[in-house]
Amino acid sequence: MNRRTGFPSAVTVTQAASTSNVHPRWQRETFIGFCEAPAVGSNRPRRFASPREYSALVSIVFLGLALTAQAQSSLPDGPGKAVVERMCTTCHGLNVVTGQRMTKPRWADQVDDMVSRGAVGTDEDVKQVVEYLSRNFGKDQPPDGNAEIAAAPESSVEQSTANEPATVPLASTRHGEESEDSRGPETGVTFERILNANKEPQNWLTYGGTYQSLHYSLLNKITPENAKNLELKWVFQARWLDPYETTPLVVDGVLYTMQGDDVVALDATNGRLFWIYKYTPVPEARLCCGRISRGLAILGDTLYMAAVDAHLIAIDAKNGHPLWDTTVAKTTSGYTMTDAPLVIKNKVIVGVAGGEYGIRGFIVAYDAHTGKEAWRFYTTAGPGDPGADSWGSDSWKRGGGSVWTTGSYDPETNLTYWGVGNAGPDYNGDVRPGDNLYTSTMVALDADTGKLKWHYQANPHNEFDWDAVQVPLLANITWRGKPRKVILWANRNGFFYVLDRTTGEFLLGKAFVKQNWNMGFDKNGRPIMAPNAKSSTEGTLIFPDNQGGTNWFNPSFSPRTGLFYLNARENYSTQFFKGPGDYEEGSRYDGRGHHPFGDLPVVGADEEKYTALRALDPQTGERKWEFKLNTGASLHTFEGWQTAFGAAGVLTTASDVLFTGGREGTFVALDARNGSLLWKVILGGPMIMNPITYSVDGKQYIAINAGTSLFVFGLR
Amino acid sequence: MTKWAVGIYLGVIVVGGVLLAQERSAGPRSKSAGETQVPGDPTKGQAIFEGKGECLSCHRVADRGSRMYPDLSDIATQRSVEELQKALLNPSPEVAPGHRLYRVVTRDGRTITGRLLNQDVYSLQMLDSKEQLVAFQKTNLREFNFVQTPPMPSYRDKLSTEEQADLIAYLATLRGVKKQ
């Protein structure tokens, strides 16, 4: 350090020893020294005298140029900008400057203070800095949001130069309604970005990939020809032993996922941790099926998590700090939450679970900034609601109707579509006479108000635990010669449906697995039940079983092939025994009978049962081909039925590659056109999550949970 | 007085002092600011925090302010009133290790400064000065290390005594997220 001028005599940097709380004096590092206080007697150097000082100046200039390049897009143009960038950014970021509004005398004091702490510049530099800051960040200047900020670049599939971290400049897009406070424009993932998620296929911005939930990606680096070259890139081992059902989000090179109710932010290229948010739900949380979390939502720079103790929590996506925590429902009454929230405009929407505990289900929207409730739709119609006459006496109060997977959204109609779970008690419909609206139903709600626009009930008065929570896929297709906006929906009851998503009109219902309960549909799509297709004290054999012909994991639709893909469970059946329907708050309330071979015995030979990836023609529901994933006889399963009966969701890409997996632990890539096997890897644990794809720096990745870990693959 | 008596007197003083210090250090823990009745007006204190004090230019509370320096959202559960006063009026000239700024220089000459969040043998993860999460492979870096970080300034001369009290009263209300 040259004590006369305050400039360093050399620039020496060594690697920091660690990030532990060891005092800097004990670490092997050398300060660059730009911010050290200048020599006594002179804090405004006029000129440099020695060669060493000149070499130091060159270093400073290069460093200043680099910092200037970095900072250029953050400051308004004008005289003095370069000086500000040079003097101010050597010690701190520009946000410390741009976030302030002060009078000129106050800026002058501030700059003097910074010089006393080591900012280096001539008297003329200081004068220019004060003038610039006063002019651009004076007391009468508007907040940052209206300053000239570089616009977000055109989205493209390919990322920029190698090793350049994928970051998004500050955006200045507002979304939703004006907030009452002067928060300024949103940064990060705006509503507009999610609306146009297809324009940035390198990211996975919402649970379903896009609001249409097609699980179809425009990424095409991995092809049927090179899929055989896929290799493992990294693994995240979640410290979690319950079924791992979380679908991650990926935003600009950062992957957000969960382990239980903890949230983690990972480098999407290598799985290294940025931060972790730890959450412990209350011990009295009622968990029918394990401590499950299916994913997150993001809006702006805020993540949203639905915790199993029925709390909705907002978390800062940059540092993992909680922002607000809203109690959605009472856990002691049996409520829980396992779905990934859905953000629409300025609201975050979730459904509640607990259908086996006599809840009254609902879908609820909260203000994304404050966590205050905006609207609520009850999934069991009560007095005064349309459909209230579908419940005998007061059975609606405990009628179930849980909502535990994430819905879809159509901006053209402003409708959000959600599947609703089974009625309660599950296996005894005697205590709840009537159709039991809106259980086992697809509902279309106004996204702003939550008002019901239409509904389609797949199973009126169902006694087989057939939740209708399967994700609605929104597609614009040519339906029997005419363009039509449809919902493609594969239901637990073993039927594939096509509905008009504007009106709810029933267009098609076709079985995709063996079934014996349905004898057809009337003109409105109401199922015609087979005789005696109801739960009974002596037991009734029904195909498919209570876990269904398919379950909650996402299907996919490829606009390229025109095919609908799902994981189907073939030859599974259950004998449904009816038991008493006695309600006690917070206790199991499913009305099941008891049988010596088990409460819900699954009959039939194991080797006849299997799970397969099936491709259906949406025009007819006919099967085009299938690929076997699991056999019923396999020992490869974890304890617990969730993993015993589950399978992965399906992902398709614009290069006609399909990814899926099953409970036997084999992850496969298939040709989406014909089902031929392109690649497989045995991961050793059941897959019951939706695979996703993303890219960073032009490299495409595929992510899938298996067992208790997240595996990420890419091309060699 | 004999030298023996002097020695005994001195010994008593020393031992007594040691015992007294031990008793004080073994006393009850300091109450956090959130547990203490604090004079001052927290509403005025918040206005100072967000206005005259310009605290948000460096600190963060809930979803407002800078993420580059300590988050104060639950500071009342972490510090006593005395500690808050000391930090405000007589701050330490040295920045705590976990709050130091970090700088990397890439092979193509870009310099990124920010907070170091994590690192391992091969990579490091940061929150840069634009508050974006960024990650680097160390093999792609020319330099990477901690840099001298300006400590917090003293507010002794910037705020009146009453304003200082109001600001402390506001900080004493910051107990983190409440379940609503």
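Residues numbered from 1 in each chain as written. Chains lettered and ligands numbered in written order. Predicted model: local features only at pLDDT ≥ 70, side-chain atom pairs only at ≥ 80, totals over all residues. Heavy atoms only, no water.

1. A word on the overall build of chain A
The condition is simple: Secondary structure counts use DSSP, requiring at least four H or I residues in a row for a helix and at least two E residues in a row for a strand, with both numbered from the N terminus. Here the term buried applies to any residue with accessible area under 20% of the maximum for its type, exposed to any over 50%, and partly exposed to those in between, with areas from a 1.4 Å probe on protein chains only. The criterion used for residue contact is that any of the two residues' heavy atoms lie within 4.5 Å. Computed with a 1.4 Å probe, the accessible areas rest on the Shrake-Rupley method; for each residue, only the protein chains presented here act as cover.
Assigned secondary structure in chain A consists of 7 helices and 37 strands. For chain A, the proportion of its 716 residues judged to be buried stands at 61%. Taking the contacts inside chain A whose residues are at least 6 apart along the sequence as the reference set, 62% of them involve residues at least 24 apart. With the model as given, the accessible surface of chain A reaches about 27,000 Å², and the carbon-plus-sulfur share is 51%.

2. With respect to the overall build of chain B
Within chain B, the secondary structure is distributed over 4 helices and 7 strands. Going from the N terminus to the C terminus, chain B shows its helices and strands as α-α-β-β-α-β-β-β-β-β-α. Burial statistics for chain B: of 180 residues in total, 43% are counted as buried. Accessible area for chain B stands at about 9,800 Å²; split by element, carbon and sulfur atoms hold 56% of it.

3. Here's the deal with the pattern of salt bridges
Residue and element names in this part refer to chain A. Rules: Throughout this description, the term salt bridge denotes a Lys or Arg side-chain nitrogen within 4 Å of a carboxyl oxygen of Asp or Glu.
All chains considered together, the criterion is met by 42 salt bridges over all chains. For Asp385, the salt bridge goes to Arg360, with nearest N and O atoms at 3.4 Å. Residue Asp385 is found in the loop between strand E14 (373–378) and strand E15 (408–410), and its partner Arg360 is found in the loop between strand E12 (347–351) and strand E13 (362–367); the two are separated by 25 residues along the sequence. The exposure class assigned to Arg360 is buried, which follows from its relative accessible area of 14%. In this structure, the salt-bridge partner of Asp590 is Arg592, at a minimum N-O distance of 3.0 Å.

4. Some thoughts on the sheet that holds E15(A)
All names here are of chain A. We apply this condition: Paired strands, in this sense, are two strands between which DSSP finds at least two bridges. Note on definitions: angles span 0 to 180 degrees between N-to-C directions of axes, and those axes are lines fitted to C-alpha atoms, for helices only across the stretch in contact.
Strand order in the open sheet formed by 4 strands is E15-E16-E17-E18, with antiparallel pairing between adjacent strands. Both outer strands of the open sheet, E15 and strand E18 (452–457), are each paired with one neighbouring strand and no more. For this sheet, the mean angle separating the axes of adjacent strands, direction not counted, is 20°. Relative to E18, strand E17 (residues 441–446) runs antiparallel, the two being bridged by 5 bridges. Bridging from a neighbouring strand, Ala444 pairs with Trp454 of E18.

5. Regarding the pairing of strand E27 (residues 563–570) of chain A
All names here are of chain A. Here E27 lies mainly inside the structure; 8 of its 8 residues are buried. On E27, burial covers both faces: Leu563, Tyr565, Asn567 and Arg569 on one face and Phe564, Leu566, Ala568 and Glu570 on the other are all buried. Inspection of the sheet shows strand E26 (residues 556–558) paired to E27 by 3 bridges, in the antiparallel sense. Counted as the bridge partner of Ser556 is Tyr565 from E27. If you look at the hairpin formed by E26 and E27, you'll find 4 residues sitting between the two strands, and Gly562 has a positive phi there, around 75°. In this sheet, strand E29 (residues 610–616) lies alongside E27 in antiparallel orientation, the contact comprising 7 bridges. From the neighbouring strand, Asn567 faces E29, where its bridge partner is Leu613.

6. Quick look at the nonpolar core
To keep things clear, this is the line we draw: For the purposes of this section, nonpolar cores are sets of buried Ala, Val, Leu, Ile, Met, Phe, Trp, Tyr and Cys residues that join through side-chain atoms within 4.5 Å.
By size, the foremost hydrophobic cluster in this structure holds 111 residues, and its most contacted members are Tyr256(A), Trp275(A), Leu303(A), Met305(A) and Tyr694(A). Ignoring sequence-local partners within four residues, the contact set of Trp275(A) consists of Tyr256(A), Val263(A), Val264(A), Ala265(A), Leu303(A), Ile315(A), Asp316(A), Ala317(A), Lys318(A), Asn319(A), Gly320(A) and Leu133(B). Judged by nonpolar contacts, the second largest core, of 23 residues, contains Met442(A), Ala468(A), Leu474(A) and Trp489(A).

7. Looking at the pairing of strand E37 (residues 709–715) of chain A
Consecutive side chains of a regular strand alternate in pointing toward one face of the sheet and then the other. Residues and elements named next belong to chain A. Burial within E37 is extensive, with 6 of its 7 residues counted as buried. As paired strands, strand E36 (residues 699–706) and E37 are joined by 6 bridges and run antiparallel to one another. Paired with Ala703 across the two strands is Val712, which belongs to E37.

8. Thoughts on helix H4 (residues 161–171) of chain B
Looking at H4(B), one finds that the buried residues are Gln164(B), Asp166(B), Leu167(B), Ile168(B), Ala169(B), Tyr170(B) and Leu171(B). For H4(B), the secondary structure elements touched by its buried residues are helix H2 (42–50), strand E1 (60–61) and helix H3 (81–89) of chain B.

9. A closer look at the sheet that holds strand E4 (residues 254–259) of chain A
Residue and element names in this part refer to chain A. Read from one edge to the other, the open sheet built from 4 strands follows the order E3-E4-E5-E6, with strand pairing classed as antiparallel. The two strands at the open ends of the sheet, each matched to only one other strand, are strand E3 (249–251) and strand E6 (273–277). The average undirected angle you get between the axes of adjacent strands in this sheet is 20°. Here strand E5 (residues 262–267) pairs with E6 via 4 bridges, running antiparallel. Opposite Val263, over in E6, you have Tyr277 as the bridge partner.

10. Re the packing of aromatic side chains
Basically, it comes down to this: Planes of paired rings set the category: under 30 degrees apart is stacked, over 60 is edge-to-face and the rest tilted, where pairs are Phe, Tyr or Trp rings (Trp by its six-membered ring) whose centres lie within 6.5 Å. Only when the NZ atom of a Lys or the CZ atom of an Arg is both within 6 Å of the ring centre and within 35 degrees of the ring normal do we say a charge sits over the ring.
Inspection of the entire model under this criterion finds 34 aromatic pairs over all chains. With a centroid separation of 6.2 Å and 45° between ring planes, the pair formed by Tyr256(A) and Trp275(A) is classed as tilted. Of this pair, Tyr256(A) sits in strand E4 while Trp275(A) sits in strand E6, and the two are 19 residues apart along the sequence. Look at Tyr256(A) and you get buried, because its relative accessible area is 5%. With a relative accessible area of 6%, Trp275(A) lands in the buried category. Between Phe49(B) and Tyr170(B), the aromatic rings sit 5.3 Å apart at their centres with planes inclined by 55°, giving tilted as the arrangement. Separated by 121 residues along the polypeptide, Phe49(B) in helix H2 and Tyr170(B) in helix H4 bring together distant segments of the chain. Comparing Phe49(B) with Tyr170(B) shows no difference in burial state: the two are buried. Within the aromatic cluster, the residues linked to one another by ring pairs are Tyr427(A), Tyr456(A), Phe464(A), Trp466(A), Trp489(A), Phe495(A), Tyr497(A), Phe506(A), Trp517(A), Phe521(A) and Phe576(A). One residue, Arg360(A), lies across the ring of Tyr378(A), its end atom 3.8 Å from the ring centre. A cation sits over an aromatic face here: Lys514(A) above Phe543(A), 4.1 Å from the ring centre.

11. Let's talk about the confidence of the model for chain B
Note the cut-off: The quantity called pLDDT is the predictor's confidence in a given residue, expressed from 0 to 100.
Mean pLDDT over chain B stands at 87; residues scoring 70 or higher make up 85%. Across the predicted assembly, pTM comes out at 0.78 and ipTM at 0.82.

12. Quick notes on the environment of Gly351(A)
All names here are of chain A. By the secondary structure assignment, Gly351 is in strand E12. Through-space distance from the C-alpha of Gly351 to that of Thr660 is 26 Å; in sequence the pair is 309 residues apart. Dropping the residues within four chain positions of it, Gly351 is found in contact with Met337, Asp339, Phe362, Ile363, Val403 and Trp418.

13. Brief notes about unusual backbone geometry
Residue and element names in this part refer to chain A. At the junction of Leu437 and Tyr438, the peptide bond is cis and its omega measures out at 10° in the coordinates. Following the sequence through the fold, Tyr438 ends up in the loop between strand E16 (415–419) and E17. The peptide bond linking Phe543 to Pro544 adopts the cis configuration, its omega dihedral lying at -5°. Note on placement: Pro544 falls in the loop between strand E25 (540–542) and E26. Although it is not a glycine, Asn436 adopts a positive phi angle of roughly 65°. In this structure, Asn532 is a non-glycine residue whose phi angle is positive, near 60°. Looking at the secondary structure, you find Asn532 in the loop between strand E24 (527–529) and E25. With a relative accessible area of 62%, Asn532 lands in the exposed category.

14. Let's talk about the confidence of the model for chain A
Within chain A, residue pLDDT values average 82, and 76% of them lie at 70 or more. Ignoring residues within four places in sequence, the model shows residues 142–185 of chain A, a span with pLDDT below 50, making 77 contacts including any to other chains.

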